[in-house]
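These are the residues of each chain, in order.
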Amino acid sequence: MYYTQEQIDRANQADLVSFLQSQGEQLTRAGNEYRWKRHDSLTVRGNKWYRHSQSKGGGPVDFVMEFFGKSFTEAVELLTGEKGAAPPPDRPCPASLSDFRLPPPNSDNRTARNYLTTARRIDEDVTGFFFARGDIYEDAAHHNAVFVGRDEDGIPRYAHSKGTAGNFRLDVKGSDKAFNFCYRGEGERLFVFEAPIDLISFLCLFKKEWQKQSYLSLGGVGEKALLRFLSDRPNIKTVYLCLDSDEAGNDACSRLVKLMPEGYTVHRLIPLFKDWNEVLQHRAEITDGKYIREAVYGLKEPPQEETVEIIRMSEVDTQTVEWLWEPYIPFGKVTIVQGNPGEGKTTFALRLAAACTNRKPFPHMAAHEPFNVIYQTAEDGLGDTVKPRLIEAEADLDRVLVIDEAKRELTLSDERIEKAITQNGARLIILDPIQAYMGEKTDMNRANEVRPMFRRLADVAERTGCAVILIGHLNKAAGGQSAYRGLGSIDFRAAARSVLLIGRVKREPNVRVIVHDKSSLAPEGKPVAFCLDPETGFSWIGEYDITADELLSGAGGNTATKTEQAEKLILDLLADGKELASEDIVKAAAEAGISERTVKNARRNLDTRIEVIRRGNQWYYRRNETKSAK
């Protein structure tokens, strides 16, 4: 359609404040200007606009083309409310596609290649792919990097010039924003970005079989390129909006979802930093490979109920479990440590925190480089209890951190947990006790209240790779199975990947045992004991022969019971004057479910009732009949 110069001038004199208000947009007055709520870095005044974040502005026609995704003639019509006429026979249409010309290419792409790989950190194999296709090249006049958009027939219809020095960026005159920079794959997924740089940065981060799917740059946040791409590619079923992690990106996602035709599944992938190139720039620092801050699924779903999105296991990346203390405490998961009050849970937690900071690991724990630990407690004073015990454990106090709860108490769903982890690079967070961090309105006995809160915490652990430990008390149902002794809903135990039980040995009051009561990621570890001696303090004992239910039964001295069984077994084996090699006694005990350690304890207890004889390299035992008679 054709518009006279008078009509175009009238469009460019339109008051942008009135126009935006007529479109239902919200504006906030700032002196003589207005800020557009959807783009808070953009101000309008009369018929002028300026986007401060990109140092660019213009008149109403440019504004409508940039932010509403309209062509030149569509913008004039929207601003004036007038339909265009057919062009006069002797005058060509001013918006004709014949006006579009690609800038002449340079003899080589050296400057553009260097800009993309050095300044923008784009991988050479990715840039090389698009340079070889001619979708990226270097122009001869200014050595800008030019990103080319083509139609379905491969004909260039759009080009965007990005300066290789400074902040210059501009669409080439006559470009049709409906055909933006993109890659068309044969798969059913389309990934959508604001700018070409973000698109190719994303490909560097997620390279596996990327050429199967499709990728599109909008050249801003307008919908025109997206709607055209979907109309041309009926194979697309799922759209991933990968826009910037800022207010403009958030608003654009909400708007694009509403404008998209029915029948598509729409998700959003939010980059770890503001945009995907910034994530790529920090790739070396993101050791866990988790470049996505959050994946928001189901922004839009097809109306057909029978359509179900399926994840094929062949497409799922296999992940290896990382361990803080194998197999007891995994990184990136939630572990529960529970026991009765005063039986060593806090001592264990503080010793673990210290071990993560001072290169003094637990028994059988792999050596880790010291890292930051967040320790939250609602039961002990930081100055009079926690710090002295950390000093006793020789912790690096600079690496033990506490989220300040002076102004607002912390809960399991508090966003400060994830922020504190990411901002401080913490790899372990301990919350002691769990019931203090449920929130005053949450009933920890109701599964429907516990489950979503726990799920959010598990997601934080997964995203950050941080080990999360929740300290919990046991209920008063003495004698019950260990699985049902934790306070609150059974969903706590179900959602945790590992559950450790700490208890006091009844007949050895200084001994505490850690029993691996549940493990979803590896075979359960053997019970491990430590001693809390009033005079000598903390010390590790090692593996201990006891079960969770035995530790909780209250029958008294469960290990002592095992030792007594071993004593009886040894005396029975040596009855009637028999003499047996020590290895034969150990073997017979193992068949009876008694460990070698318990056999050694039993032998010490029977010291005066048995005799030890050495023949060659072997030890033999027999009853001391004199002592036995007594």
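Right, let's walk through the structure included here.

Quick notes on the rules
- Residues numbered from 1 in each chain as written.
- Predicted model: local features only at pLDDT ≥ 70, side-chain atom pairs only at ≥ 80, totals over all residues.
- Heavy atoms only, no water.
- Helix = DSSP H or I, 4+ residues; strand = E, 2+ residues; numbered from the N terminus.
- Rg over C-alpha atoms; globule rule 2.2 N^0.38 Å.
- Buried < 20%, exposed > 50% of the residue type's maximum accessible area, 1.4 Å probe, protein only.
- Contact = heavy atoms within 4.5 Å.
- Areas by Shrake-Rupley, 256 points an atom, 1.4 Å probe, with all protein chains shown as cover.
- Lys, Arg positive; Asp, Glu negative; His and termini not counted.
- Charge placed at Lys NZ, Arg CZ, Asp CG, Glu CD.
- Salt bridge = Lys/Arg side-chain N within 4 Å of Asp/Glu carboxyl O.
- Arc of directions from axis to C-beta.
- Pairing = 2+ DSSP bridges.
- Axes fitted to C-alpha atoms, helices over the stretch in contact; angles between N-to-C directions.
- Core = buried A, V, L, I, M, F, W, Y, C linked by side-chain atoms within 4.5 Å.
- Polar contact = N/O pair within 3.5 Å; in protein donor to acceptor, adjacent residues only side chain to side chain.
- Parallel < 35°, antiparallel > 145°, perpendicular 65-115°, else oblique.
- Left-handed = near helix turned anticlockwise from the far one by under 90°.
- Nonpolar A, V, L, I, M, F, W, Y, C, P; charged D, E, K, R; others polar.
- Phe/Tyr/Trp six-rings, centres within 6.5 Å; stacked < 30°, edge-to-face > 60°.
- Lys NZ or Arg CZ within 6 Å of the ring centre and 35° of its normal.

Concerning the overall build of the protein chain
Here's step 1: Along its length, the protein chain carries 20 helices and 29 strands.
Here's step 2: Here the protein chain has a C-alpha radius of gyration of 35 Å; the compact-globule value for 630 residues is 25 Å, and the former is much larger.
Here's step 3: In terms of its C-alpha atoms, the protein chain occupies a principal-axis envelope of roughly 130 × 55 × 50 Å.
Here's step 4: Looking at the protein chain as a whole, 48% of its 630 residues are labelled buried.
Here's step 5: Expressed as a percentage of contacts within the protein chain between residues at least 6 apart in sequence, the contacts between residues at least 24 apart total 64%.
Here's step 6: Roughly 31,500 Å² of accessible area belongs to the protein chain as shown, and the carbon and sulfur atoms make up 47% of that amount.
Here's step 7: Charge separation in the protein chain, taken as the distance between the mean sites of 86 positive and 93 negative side-chain charges, equals 2 Å.

Observations regarding the pattern of salt bridges
Here's step 1: Scanning the entire structure with this criterion turns up 39 salt bridges.
Here's step 2: The salt bridge partner of E462 is K333, with a shortest N-O separation of 2.9 Å. Within this pair, whereas E462 is found in helix 14 (residues 447-464), its partner K333 is found in the loop between strand 17 (329-330) and strand 18 (334-339), the two being separated by 129 residues in sequence.
Here's step 3: Look at E462 and you get partly exposed, because its relative accessible area is 30%.
Here's step 4: Looking at K333, the relative accessible area reads 21%, which means it is partly exposed.
Here's step 5: E579 is paired through a salt bridge with R615; the nearest N and O atoms lie 2.2 Å apart. Linking E579 in strand 27 (residues 579-581) with R615 in strand 28 (residues 610-615), this pair joins segments that are 36 residues apart in sequence.
Here's step 6: Look at E579 and you get partly exposed, because its relative accessible area is 29%.
Here's step 7: Judged by its relative accessible area of 40%, R615 is partly exposed.

A look at helix 6 (residues 124-133)
Here's step 1: If you check which residues of helix 6 are buried, you get V126, T127, F130 and F131. The buried residues of helix 6 occupy an angular sector of 130 degrees when projected down its axis, which confines them to one face. Pointing more than 90 degrees away from the buried face of helix 6 are the exposed residues E124 and A132.
Here's step 2: Two residues or fewer after helix 6 comes G134, characterised by a positive phi angle close to 85 degrees.

A few points about the environment of N445
Here's step 1: Here N445 is to be found in the loop between strand 21 (428-432) and helix 14.
Here's step 2: N445 sits 47 residues away from F492 along the chain, and the two C-alpha atoms are 9.6 Å apart.

Brief notes about the sheet that holds strand 25 (residues 528-533)
As a general point, the strands of a sheet are linked pairwise by backbone hydrogen bonds and lie either parallel or antiparallel.
Here's step 1: In spatial order, the strands read 20-19-21-22-18-23-24-25-26; together these nine strands make up an open sheet with mixed pairing. Only two strands of the sheet have a single neighbouring strand rather than two, namely strand 20 (400-401) and strand 26 (537-543).
Here's step 2: Examined bridge by bridge, strand 25 and strand 26 share six bridges and lie antiparallel to one another. The residue of strand 26 that forms the bridge with D533 is G537.
Here's step 3: In the packing of helix 13 (residues 415-424) onto the sheet, contacts are made with strand 19 (373-377), strand 20 and strand 21, and the angle to strand 21 comes to roughly 145 degrees.

Things to note about the sheet that holds strand 28
Here's step 1: The strand order across the open sheet built from three strands is 27-29-28, with neighbouring strands paired in antiparallel fashion. Across the chains shown, the open sheet's two edge strands, defined by having one partner strand only, are strand 27 and strand 28. The mean angle between the axes of side-by-side strands here comes to 30 degrees, regardless of whether they run parallel or antiparallel.
Here's step 2: Of the pairings in the sheet, the one linking strand 27 to strand 29 (residues 618-623) comprises three bridges and is antiparallel in character. Along strand 29, the bridge assignment pairs A581 with Y620.

Side note on the nonpolar core
In a soluble, globular protein the nonpolar side chains are often hidden away together inside.
Here's step 1: Counting residues in hydrophobic clusters, the biggest one holds 35 residues, and the most contacted among them are L324, I329, F348, L352 and L428.
Here's step 2: Secondary-structure elements contributing two or more residues to this core are strand 16 (323-325), helix 11 (345-358), strand 19, helix 12 (382-392), strand 21, strand 22 (467-473), strand 23 (498-505) and strand 25.
Here's step 3: Counting residues in each nonpolar core, the second largest holds 32 residues, with Y115, F130, I136 and V279 among its members.

Let's talk about unusual backbone geometry
Here's step 1: Geometrically, the link from E326 to P327 is a cis peptide bond, its omega value of 0 degrees lying close to zero.
Here's step 2: Along the chain, P327 falls in the loop between strand 16 and strand 17.
Here's step 3: In this model, D432 is joined to P433 through a cis peptide bond whose omega is 0 degrees.
Here's step 4: Among the secondary structure elements, P433 is positioned in the loop between strand 21 and helix 14.
Here's step 5: The phi dihedral of R121 is positive, around 65 degrees, even though this residue is not glycine.
Here's step 6: Inspection of the secondary structure assignment puts R121 in the loop between helix 5 (110-119) and helix 6.
Here's step 7: The backbone of E394 sits at a positive phi, close to 65 degrees, despite the residue not being glycine.

Considerations on the environment of H160
Here's step 1: One can find H160 in strand 8 (residues 156-162).
Here's step 2: The spacing of H160 and N601 is 441 residues in sequence and 80 Å in space, taken between C-alpha atoms.
Here's step 3: In contact with H160, other than residues within four places in its own chain, are A145, V146, F147, R169, L170 and D171.
Here's step 4: Only 2.8 Å separates the side chain of H160 from the side chain of D171, close enough to count as a polar contact.

Regarding the packing of helix 1 (residues 5-12) against helix 4 (residues 72-80)
Here's step 1: Contact geometry of helix 1 with helix 4 gives a least axis separation of 9 Å together with a crossing angle of 65 degrees. One element, helix 1, and the other, helix 4, form an angle in the roughly perpendicular class. Of the two elements, helix 1 crosses helix 4, and the hand of that crossing is left-handed. Here helix 1 contributes Q7, I8, R10 and A11 to the contact with helix 4, which in turn contributes F72, V76, L79 and T80.
Here's step 2: Here the contact of helix 1 with helix 4 is composed, by residue class, of five nonpolar, two polar and one charged.

Overview of the packing of helix 13 against helix 14
Here's step 1: The contact between helix 13 and helix 14 brings their axes to 10 Å, and the two run at 15 degrees. Classified by the angle their axes make, helix 13 and helix 14 are roughly parallel. Relative to helix 14, helix 13 is oriented so that their crossing is right-handed. Taken together, the residues of helix 14 that come into contact with helix 13 (itself represented by I417, E418, I421 and T422) are L457, V460, R463 and T464.
Here's step 2: Residues that form the contact of helix 13 with helix 14 fall into these classes: four nonpolar, two polar and two charged.

With respect to the packing of aromatic side chains
Here's step 1: Per the counting criterion, the structure on display carries 34 aromatic pairs.
Here's step 2: Judged by centre distance (5.5 Å) and plane angle (35 degrees), the ring pair of F191 and F202 falls under tilted. With F191 in strand 11 (residues 189-193) and F202 in helix 7 (residues 196-205), this residue pair connects regions lying 11 residues apart in the sequence.
Here's step 3: For F202, a relative accessible area of 4% gives the class buried.
Here's step 4: Here R427 stacks its cationic end above the ring of F331, 3.8 Å away from the centre of that ring.

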